[in-house]
Amino acid sequence: MADLISAFLLLGGVAFFLAGTLGLLRFPDVYSRLHALTKADNLGLGLLVAGLAIRSESWFAVGKLVLIWLLVLVASSFACHLVARAAWRRGIPPWT
Amino acid sequence: MSRRIVSFPTLRSLALRLTLFALLWGVLTDGGVDAPAFGSVIILTATALSLALSRPTPWSLIGLLRFVPFFLWQSLRGGLDVAWRAFLPGPPIAPVVLTYRLRLPPGRARAFMVAVNNLLPGTLSAEISRNCLMVHVLDQRRSTGKALAALEDRIAAIFQIKLTSAATAPGQSRIHAEA
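The numbers attached to residues start from 1 for each chain and follow its sequence in the written order. For this description, chains carry letters from A and ligands carry numbers from 1, given in the order in which they are written. At least 70 in pLDDT is required for a residue's local features to be given in this predicted model, at least 80 for side-chain atom pairs to be given and counted, and no such filter applies to totals for whole chains, interfaces and linings, which use all residues. Calculated side-chain values reflect all of the structure's heavy atoms, with hydrogen atoms and water omitted.

## As for the confidence of the model for chain B
Residues and elements named next belong to chain B.
1) Next: One confidence number per residue, pLDDT, is output by the predictor and ranges from 0 to 100. Of the residues in chain B, 88% reach a pLDDT of 70 or more, and the chain-wide mean stands at 87.
2) Next: Helix and strand definitions here come from DSSP, where helices need a minimum of 4 consecutive H or I residues and strands a minimum of 2 consecutive E residues; each element is numbered from the N-terminal end. Model confidence for chain B, summarised as mean pLDDT per element, is weakest for strand E4 (residues 175-177) at 44 and strongest for helix H3 (residues 61-87) at 96.
3) Next: Every residue in residues 167-179 is under pLDDT 50, and counting partners more than four places away or in other chains gives 27 contacts. We call two residues contacting when some pair of their heavy atoms lies within 4.5 Å.

## Let's talk about unusual backbone geometry
Most peptide bonds take the trans form, and the phi angle of most residues other than glycine is negative.
Residues and elements named next belong to chain B.
1) Next: Cis geometry marks the peptide bond from Gly90 to Pro91; its omega dihedral reads -25°.
2) Next: Inspection of the secondary structure assignment puts Pro91 in the loop between H3 and strand E1 (96-101).
3) Next: The backbone of Asp30 shows a phi angle near 55°, a positive value even though the residue is not glycine.
4) Next: Residue placement: Asp30 occurs in the loop between helix H1 (7-28) and helix H2 (36-53).
5) Next: Judged by relative accessible area, which is 43%, Asp30 ranks as partly exposed.
6) Next: Unlike most non-glycine residues, Arg130 shows phi in positive territory, near 50°.
7) Next: With respect to the helices and strands, Arg130 occurs in the loop between strand E2 (123-129) and strand E3 (132-137).
8) Next: Looking at Arg130, the relative accessible area reads 78%, which means it is exposed. Note on classification: 1.4 Å probe, protein chains only; a residue is buried when its accessible area is under 20% of the maximum for its type, exposed when over 50%, partly exposed between these limits.

## Comments concerning the domain arrangement of chain B
1) Next: Throughout the structure description, domain borders are defined by an automatic or database domain assignment. Split by domain assignment, chain B resolves into domain 1 (7-53) and domain 2 (61-177).
2) Next: Look at where the C-alpha atoms of domain 1 of chain B and domain 2 of chain B centre, and you get two points 33 Å apart.

## Remarks on the pairing of E1(B)
Within a regular strand, side chains alternate between the sheet's two faces.
Residue and element names in this part refer to chain B.
1) Next: Counted residue by residue, E1 has 5 buried out of 6 residues, so it is predominantly covered.
2) Next: In short, DSSP must find at least two bridges between two strands for them to pair. Where E1 and E3 come together, 6 bridges link them in antiparallel fashion. Pairing of Arg101 across the sheet is with Cys132, part of E3.

## Thoughts on the interface of chain A and chain B
1) Next: In this complex, chain A contributes 37 residues to the contact, which on the side of chain B involves 44 residues.
2) Next: Note on terms: buried area is the combined drop in 1.4 Å-probe accessible area of two parts once they are placed together, counting the loss on both. The largest share of the area that chain A buries against chain B comes from His35(A), Lys39(A) and Trp88(A), three residues that together contribute 20% of it.
3) Next: By convention in these notes, a salt bridge is any Lys or Arg side-chain nitrogen within 4 Å of a carboxyl oxygen on Asp or Glu. At the boundary of chain A and chain B, one finds 2 salt bridges.
4) Next: In this structure, the salt-bridge partner of Asp30(B) is Lys64(A), at a minimum N-O distance of 3.5 Å.
5) Next: Any pair of nitrogen or oxygen atoms within 3.5 Å is treated as a polar contact; in protein, a donor-acceptor pairing is required on top of that, and neighbouring residues in sequence qualify only through side-chain atoms on both sides. Along the contact surface separating chain A from chain B lie 12 residue pairs in polar contact (both at pLDDT 80 or more).
6) Next: Those elements that provide at least two residues to the side of chain A that touches chain B are helix H1 (2-26), helix H2 (30-55) and helix H3 (59-89) of chain A.
7) Next: Examining the composition of the side of chain A that touches chain B, we find that 14 residues originate from one element, H3(A), more than from any other.
8) Next: We call Asp, Glu, Lys and Arg charged. Ala, Val, Leu, Ile, Met, Phe, Trp, Tyr, Cys and Pro are nonpolar, and the rest, Gly among them, are polar. Class assignment for the residues of the side of chain A that touches chain B results in 22 nonpolar, 9 polar and 6 charged.

Right under this line is the structure:
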């Protein structure tokens, strides 16, 4: 049962990473692409972490996984803002 | 604010950060039982450094605990929202840049808002100029103003900030499309 839930979560995570990459390729400008990357990858990694946490052997491993998710969240969110701000300051107009 | 009573919040932060770094060390070293003396030195150094680098600010545990499920739910919504748009032909997006007048004061709370905003459905923080946040919105048919005001209220609750200009009705009135 735990294996089934874990597999479901892991596959879900992979699907969101795929969606994020697809958005990066298909969306028209830098701002929209950032939307796809940050939000889909946040959820994708969250699902991966949840799926792996179910399989992990100790609570320390669960703690490490959650820590990884939080650190990636902080880094990707601020990186997203900095890329958007750099584009905005260069005067790159948003696609409408 | 913490200036009124100096010792209590500092003691509270000291205890809290000591606990957090001890937990972190435990997690990283699978319990930290192999080298307790070395671990203690690391934990104490980390706590001292953190107090020197980042001053204690008032915050609310209840505000934070209420924020966690909200954030998880919004992350799920944000990921789903952008994922279906990425898969559909089109893709179905209608971006616009809105100017949102921030009620949160400059500092940690505002930086927190800028970061969390990037993970909420359909919004992205592009720039802060004066007290306005430029928000890139993936779909302008959404009522982004209400969502931003609600997020601001929740962040204010975490940092125990009283939002001053709450008299302004939340929603579209404080949102103006960029010319």
